[in-house]
Amino acid sequence: MKLRHIIPFLAALLLTASCGIYSFSGTSIQPDVYTVTINYFEYKALRVNPSLSNDITEAMQDKFRKLTRLEQVDMDGDLEIAGEITGYDVKATAVTADEVAAQNRLTVTVKIAFTNRKYPNEDFEKSFSAYADYDSMQSLDTVEGSLCEEIVEKLVEDIFNATVATW
């Protein structure tokens, strides 16, 4: 009786292991893809945040280092991610009865060009946005660091999922 339940489980385990593109981190990288190039994210937004380019670039590199088997190379990787920060904007999101902003939203937009040299049909260019809200009684300067950490985490997760964790 128990053997009848174990055999299908072992067969399923063998099939997922032998296909070579599934991993328990959720990535779906083909077995003949070995390297990734993550280019520096250029800053092209009008409003300036001097550390954001570096923060996003390092966070992307860390994410790939921790969750994939890919070796990071400076140029001509099997996979390549090039990006630029195109938007860094603050807008009011909630207004009080006195028509005063009660809450503001910081939004960061990044344009990505993904190249898969082994499987060019997976190439794409796409923009990703993430935001964080903060109380308008606080200045952007006092909350900017923590907001940017939160936004960078969201952006990196979305970009990672779109490039190598295609569900």
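Shown above is the structure to which this text applies.
### Describing unusual backbone geometry
Okay, so step 1: Backbone geometry places aspartate 76, a non-glycine residue, at a positive phi of 60°.
Okay, so step 2: Looking at where aspartate 76 falls in the secondary structure, it is placed in the loop between β3 (71-72) and β4 (79-95).

### Quick word on the side chain of asparagine 116
Okay, so step 1: Among the structural elements, asparagine 116 can be located in strand β5 (residues 101-116).
Okay, so step 2: Taking the relative accessible area as the measure of exposure, asparagine 116 reaches 3% and is therefore buried.
Okay, so step 3: In terms of polar contacts, asparagine 116 uses its side chain to reach the backbone amide nitrogen of lysine 118, at 3.1 Å.
Okay, so step 4: At 3.0 Å, the side chain of asparagine 116 forms a polar contact with the side chain of glutamate 122.
Okay, so step 5: Apart from residues lying up to four places away in sequence, asparagine 116 is in contact with Asp78, Leu79, Glu122 and Asp123.

### A short note on the environment of threonine 86
Okay, so step 1: Among the structural elements, threonine 86 can be located in strand β4.
Okay, so step 2: For threonine 86, a relative accessible area of 36% translates into the label partly exposed.
Okay, so step 3: Once residues lying within four places of it in the same chain are set aside, the contact partners of threonine 86 are Ala45, Thr109, Val110 and Lys111.

### A look at the packing of aromatic side chains
Here a ring pair, both rings aromatic, is described through the centre-centre distance and the interplanar angle of the planes.
Okay, so step 1: On inspection of all chains with the given rule, the structure shows 2 aromatic pairs.
Okay, so step 2: Taking 5.1 Å as the distance between ring centres and 75° as the angle between the ring planes, the aromatic pair formed by phenylalanine 64 and phenylalanine 160 counts as edge-to-face. You can see phenylalanine 64 sitting in helix α2 (residues 52-67) and its partner phenylalanine 160 sitting in helix α3 (residues 140-164), a full 96 residues away along the chain. For the pair formed by phenylalanine 64 and phenylalanine 160, the shared burial category is buried.
Okay, so step 3: Taking the centre distance of 5.4 Å and the plane angle of 35° together, the rings of phenylalanine 114 and phenylalanine 124 count as tilted. Of the two residues, phenylalanine 114 sits in strand β5 while phenylalanine 124 sits in strand β6 (residues 124-135), which places them 10 residues apart along the sequence.
Okay, so step 4: Taking relative accessible area as the criterion, phenylalanine 124 reaches 21% and is therefore assigned partly exposed.

What counts and what doesn't
Residues numbered from 1 in each chain as written. Predicted model: local features only at pLDDT ≥ 70, side-chain atom pairs only at ≥ 80, totals over all residues. Heavy atoms only, no water. Helix = DSSP H or I, 4+ residues; strand = E, 2+ residues; numbered from the N terminus. Buried < 20%, exposed > 50% of the residue type's maximum accessible area, 1.4 Å probe, protein only. Polar contact = N/O pair within 3.5 Å; in protein donor to acceptor, adjacent residues only side chain to side chain. Contact = heavy atoms within 4.5 Å. Phe/Tyr/Trp six-rings, centres within 6.5 Å; stacked < 30°, edge-to-face > 60°.

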